[in-house]
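Survey of secondary and tertiary structure
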Amino acid sequence: MYRSQRLSLRYYTAAITLFGVMILFGLLSALYYVFPSMLFEVLNFSTSKILHIDTLVIWLLMAFLGAVYWYLPQELEHEVVGIRLAEATFWVFCAVVAVVAVVFLVVQIGDSTAFTLWFINQGRKYVEAPRWASIGVVVVMGVFAYNVVATCVKARRMTGVTWVLVLDLIPLLAVYMDAFPADENMSRDLYWWWWLVHMWVESTWEVLIGCIMAMVLMDVMGTSRRIVETWLYIEVMLVLGAGILGLGHHYFWIGTPEYWLSIGGFFSALEPLPLLGMVVHAVYDAGEHRLRTVNRPAFFWITTEAFLNFIGAGVWGFMMTLPQINLFSHGTQWTVSHGHFAFYGAYVCGVIAVFYVAKQKTSGVACLDDRFWKWGYGLLNIGMVGMVMGLLLAGITQAFYGRAIGGSTLMAFTQVSENPWFLSGIWARLLFGIVFAAGYVALVYDLLRKPRSNAVGAGEIAGAAT
Amino acid sequence: MDTISVGPPRAGVGGDLADPRFWAAGAISTTIVMLIVLAFLTVDSLSVITAGGRNVPAYDVINRHIGYEFNWARHRDVPVIGGLEPLFGQTVTEAEAAALMEKGKLVIQSRACMDCHTFFGNGAYYAPDLTKSWLDPAWENIWMPMTGKATREAAMVEFLMHPDQYPTWNRRMPNLHLTEEEARATVAYLKWVSSVDTNGFPANFRTTKPDHAKQP
Ligand code: HEM
Ligand code: HEM
Ligand SMILES: [Fe+2]
């Protein structure tokens, strides 16, 4: 085992812990919708929600870093260069996150000065963390980029996957610079803010998870490198070909020119294509290998990633990406439904697969296939699908009654929030959220427990099970 | 490892579809083309959304009356800038207006307004959209009587400073400890935001007293 793989285990541990924190604050945020006076002026909805979505970004980022630190030396057959520095920055990363969490919980907001932006809260969705902490994240990512590039140079070899990875680091870091400005012009502020949010989740992270998926497929199914890399390039071409101008689906209503209605609508409508391609890829590979795998949970999670990425991001996104619909669905629980489904399908499922890869390697079993992993798998998927269905119901109700009929006034908003369809959707979200949380507990339990040792050959046991 | 490409992948001659290098070249060139187009569109968009641009009025628009009406030619609701209607009865210069906006935006960020509310539909969905808040009939119908203030802007300042005292339903806005100066800047900000041409979002917004909406 490479030293950087031990570092990635540390990153995974931190990521899984923050995943738990995130779920906790997700449940809390959902509770305000049904008990609005809860914790009033002690811990308001806003603070709880900030903790929910900021931990989301951070834990996924940590899991990605972990996955790269895991696979990079394996791909290049060379220990990561600058590993000590990487180990030190891990602790820096953890410390920054902990301090920011405490400040959010205790201080929460500040007065209208630059001091607040630097040390308390920047008040920009997903990147609320104060500036000093954002600088910390830049440093961590900078060290990470150095590790990757220096290792490639030192190892004197490149694979197709590492090329994509290295090139993807540039935009990954570049758009994060968007976490700092405080433009007084809301239109311009949002214009750049979407470069960060959209370009991360619909372009750079999508490419990153494509690389990770490629490596997992080679790892757990032994898919040939040529096939995997060809698919990766096609996916990158389509993801960026549609996704870069697909950015326009966030420029319909923020003051930007009318041409974005057509450009954004057209290109974002193409965004599901590469996601469909990934499904085809995964099904093809699974069929090719007759579902034979050395790591069943990882295999199931990575296949689920392909499907739910397509459904959650592709189908759920497509539903409201045309301006004619988005005019009414924009900024309702419909958006939340898509946001959850897409993040879960595209990224959460993928990183759980990576966790299982690590579990198998560290425990040294030839073939990982206990029964218990299915509990986490089932509960998390049922919980998420139930949540997004509830949110979709609530969101469609808002789009119809609050926006189209009510016209988005305060009265329209309050009335639709008491609509029984809306309320049942919100309750369903809460209840399925609890199922999801139970799935998380089962997942963590399964990741931590010792697998049964398995002397049987990998192909045999998996083949027999199908 | 059965293929290792050394150096950047190059396009396969003749475009052999099974050759990964063909697709690598496709990915790189597609990305570059899209980025160039995006760069041009960005330059143009920024000129339109900078204050004083085609869709985003200069900040001293807060000296004027702002309406939101259906435009038959464009087939959507558009803001209509009318005659003089100074905020708090005081006409401000361009520089004063800009200072108010800077302050107002800092209030909005430092209090994390967008982690409950939305602007132009972006933010969180626990509380109403603020794009046209300045034009919301609730100020006249609910908060002016409730606060006993004679003007919309005075009612807004009072509400923003003590939202916990003027609840309209079961979700209440917490007191975020705005000073009077901060509250006034925020009101100015909301007035300016309502003047931005958002391609018709939100649709069907009724600025006058809606007779079909129930009173609370
Ligand atoms: C127990 C599970 C969860 C619950 C109860 C929950 C609840 C919530 C709530 C109440 C909000 C605020 C929405 C609003 O502004 O009205 C939210 C936002 C969000 N959550 Fe969750 N969440 C959960 C799990 C997750 C997971 C697993 C993910 C990612 C995979 C996620 C990603 C997000 C995102 C991206 C947003 C922002 C969405 C938007 O504003 O459009 N959540 N969540
Ligand atoms: C992995 C891929 C994706 C992720 C993680 C993702 C996530 C999200 C999130 C979190 C939001 C809410 C942003 C906010 O306002 O805070 C959002 C908005 C949106 N997404 Fe996606 N998305 C993905 C892919 C797609 C795709 C492929 C499409 C289109 C086909 C799409 C269409 C949209 C649209 C139209 C909105 C704006 C919703 C609104 O108007 O309120 N998304 N996405
Ligand atoms: Fe997007």
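Predicted model, so just to flag it, every value in this text is computed and none were measured.

1. Details of the overall build of chain B
Within chain B one finds 5 helices and 4 strands. Counting from the amino terminus, chain B carries its helices and strands in the arrangement α-β-β-α-β-β-α-α-α. In chain B, buried positions account for 55% of the 216 residues. Taking the contacts inside chain B whose residues are at least 6 apart along the sequence as the reference set, 54% of them involve residues at least 24 apart. Counting only carbon and sulfur atoms, one obtains 59% of the accessible surface of chain B, whose full area is about 9,600 Å².

2. So, the coordination of the iron atom of ligand 1
Note on the iron atom of ligand 1: its protein donors are His 52 of chain A (NE2) and His 340 of chain A (NE2). The metal-donor distances range over 2.0 Å. Exposure remark for His 52 of chain A: the relative accessible area of 12% places this residue in the buried category.

3. Things to note about the site of ligand 2
Of all residues adjacent to ligand 2, which total 28 residues, the nearest are Lys 125, Tyr 126, His 330, Thr 335 and His 338 of chain A. The site occupied by ligand 2 is bordered by residues of chains A and B. Between ligand 2 and Tyr 126 of chain A there is a distance of 2.7 Å, counted from an oxygen atom to a side-chain nitrogen or oxygen. Here an oxygen atom of ligand 2 sits 2.8 Å away from a polar atom, N or O, in the side chain of Asn 326 of chain A. Residue assignment for the shell around ligand 2 shows that the elements contributing at least two residues are helix H7 (186-221), helix H11 (296-319) and helix H13 (333-363) of chain A. In terms of residue count, the dominant contributor to the shell around ligand 2 is H13 of chain A (7 residues). Within the shell around ligand 2, the residues separate by chemical class into 12 nonpolar, 12 polar and 4 charged.

4. Observations regarding the coordination of the iron ion (ligand 3)
Residues and elements named next belong to chain A. Bound to the iron ion (ligand 3) on the protein side are His 198 (ND1), Glu 202 (OE), His 249 (NE2) and His 250 (NE2), at distances that span 2.0 to 2.2 Å. Viewed at the metal, the 4 donor atoms of the iron ion (ligand 3) are separated by angles of 83 to 145°, and the geometry they form is irregular. Counting gaps between the donor residues of the iron ion (ligand 3) yields the pattern H-x3-E-x46-H-H. Separating the iron ion (ligand 3) from the iron atom of ligand 2 is a gap of 4.3 Å.

5. What to know about empty space enclosed by the protein
Applying the stated criterion to the full structure yields 9 cavities of 30 Å³ or more. There is about 680 Å³ of room inside the second largest cavity. As for the second largest cavity, its lining consists of 40 residues, and the residues nearest its centre are His 117, Ala 127, Pro 128, Phe 159 and Met 173 of chain B. Broken down by secondary-structure element, the contributors of at least two residues to the lining of the second largest cavity are helix H2 (45-76) of chain A together with helix H3 (137-147), helix H4 (152-161) and helix H5 (180-194) of chain B. Per-element tally for the lining of the second largest cavity: the top contributor is H3 of chain B, with 3 residues. Grouping the constituent residues of the lining of the second largest cavity by class yields 29 nonpolar, 6 polar and 5 charged.

6. With respect to the interface of chain A and chain B
Listed per partner, the contact involves 93 residues of chain A and 88 residues of chain B. Both sides together, the interface formed by chain A and chain B hides about 8,000 Å², and carbon and sulfur atoms give 63% of it. For the chain A face of the interface with chain B, the top three residues by lost area are Ser 112, Glu 184 and Met 186 of chain A, together amounting to 9%. Linking chain A with chain B are 3 salt bridges, by the criterion used here. Among the salt bridges present, the one from Arg 74 of chain B reaches Glu 258 of chain A, with a minimum N-O distance of 2.8 Å. Viewed at the interface, chain B and chain A are joined by 32 residue pairs in polar contact (both at pLDDT 80 or more). Considering every element that reaches the side of chain A that touches chain B, the biggest residue donor is helix H8 (residues 225-246) of chain A, with 11 residues. Here the residues of the side of chain A that touches chain B are counted per class, giving 44 nonpolar, 31 polar and 18 charged.

7. Thoughts on the packing of aromatic side chains
Per the counting criterion, the structure on display carries 50 aromatic pairs over all chains. Taken together, a centroid distance of 5.9 Å and an interplanar angle of 15° make the contact between Tyr 11 of chain A and Tyr 69 of chain A stacked. Here Tyr 69 of chain A lies in helix H2 and Tyr 11 of chain A lies in helix H1 (residues 3-34), a separation of 58 residues in the sequence. Comparing Tyr 11 of chain A with Tyr 69 of chain A shows no difference in burial state: the two are buried. By way of ring pairs, the aromatic residues Tyr 11, Tyr 69, Phe 90, Trp 91, Phe 93 and Phe 144 of chain A are connected into one cluster. Sitting above the plane of the Tyr 68 of chain B ring, Lys 132 of chain B keeps its charged end 4.2 Å from the centroid.

8. Considering H2 of chain A
Side chains that are three or four residues apart share a direction in an α-helix, a result of its 3.6 residues per turn. Residues and elements named next belong to chain A. In this model, H2 (32 residues) spans 47 Å end to end at C-alpha, consistent with the 46 Å of a helix rising 1.5 Å per residue. Most of H2 is tucked away, with 31 of its 32 residues classed as buried. One or two steps after H2, the chain reaches Glu 77, where phi turns positive at roughly 50°.

9. A few points about the site of ligand 1
In the neighbourhood of ligand 1, 28 residues make up the surrounding shell, with Met 22, Tyr 33, His 52, Lys 125 and His 340 of chain A lying closest. Residues within reach of ligand 1 are spread across chains A and B. Tyr 33 of chain A places a side-chain nitrogen or oxygen 2.3 Å from an oxygen atom of ligand 1. Elements that contribute at least two residues to the shell around ligand 1 include exactly H1, H2, H13, helix H14 (373-405) and helix H16 (420-448) of chain A.

10. Some thoughts on a nonpolar patch on the surface
Together, Leu 393, Ile 396, Phe 400, Tyr 401, Ile 405 and Trp 421 of chain A make up an exposed nonpolar region whose accessible area comes to about 610 Å². By secondary structure assignment, the location of Tyr 401 of chain A is in helix H14.

11. Some remarks on the side chain of Arg 171 of chain B
Counting through the fold element by element, Arg 171 of chain B comes out in the loop between H4 and H5. With no salt bridge to any partner, buried Arg 171 of chain B finds its closest opposite charge in Glu 418 of chain A, at an N-O distance of 7.8 Å. Here Tyr 126 of chain B takes part through its backbone oxygen, which lies 2.7 Å from a polar atom of the side chain of Arg 171 of chain B. Apart from residues lying up to four places away in sequence, Arg 171 of chain B is in contact with Tyr 33, Pro 36, Phe 413, Ser 417 and Phe 422 of chain A together with Tyr 125 and Tyr 126 of chain B.

12. A short note on the domain arrangement of chain B
The assigned domain composition of chain B is domain 1 (15-49) and domain 2 (59-194). Inter-centroid distance (C-alpha atoms) of domain 1 of chain B to domain 2 of chain B is 40 Å.

13. Things to note about the state of the cysteines
Under the criterion given, the structure shown has 0 disulfides over all chains. Unpaired in terms of disulfides, Cys 349 of chain A finds its nearest cysteine sulfur in Cys 211 of chain A, a separation of 18 Å.

Basis of the calculations
- Residues numbered from 1 in each chain as written.
- Chains lettered and ligands numbered in written order.
- Predicted model: local features only at pLDDT ≥ 70, side-chain atom pairs only at ≥ 80, totals over all residues.
- Heavy atoms only, no water.
- Helix = DSSP H or I, 4+ residues; strand = E, 2+ residues; numbered from the N terminus.
- Buried < 20%, exposed > 50% of the residue type's maximum accessible area, 1.4 Å probe, protein only.
- Contact = heavy atoms within 4.5 Å.
- Areas by Shrake-Rupley, 256 points an atom, 1.4 Å probe, with all protein chains shown as cover.
- Donors = N, O, S within 2.8 Å, 3.2 Å for Na, K, Ca; no water.
- Near = heavy atom within 4 Å.
- Polar contact = N/O pair within 3.5 Å; in protein donor to acceptor, adjacent residues only side chain to side chain.
- Nonpolar A, V, L, I, M, F, W, Y, C, P; charged D, E, K, R; others polar.
- Tetrahedral: all angles 85-135°; square planar, octahedral: opposite > 155°, others 65-115°.
- 1 Å grid on protein atoms, 1.4 Å probe; cavity = no way out; pocket = protein on both sides within 12 Å on 5 of 7 lines; lining within 4 Å.
- Points joined across faces, edges and corners; volume = space filled by probe spheres on them.
- Buried area = accessible area lost by both parts, 1.4 Å probe.
- Salt bridge = Lys/Arg side-chain N within 4 Å of Asp/Glu carboxyl O.
- Phe/Tyr/Trp six-rings, centres within 6.5 Å; stacked < 30°, edge-to-face > 60°.
- Lys NZ or Arg CZ within 6 Å of the ring centre and 35° of its normal.
- Expected span 1.5 Å × (residues − 1).
- Patch = residues over 30% accessible without salt bridge, like charges linked within 9 Å, V, L, I, M, F, W, Y side chains within 5 Å.
- Lys, Arg positive; Asp, Glu negative; His and termini not counted.
- Domains from an automatic or database assignment.
- Disulfide = S-S within 2.5 Å.

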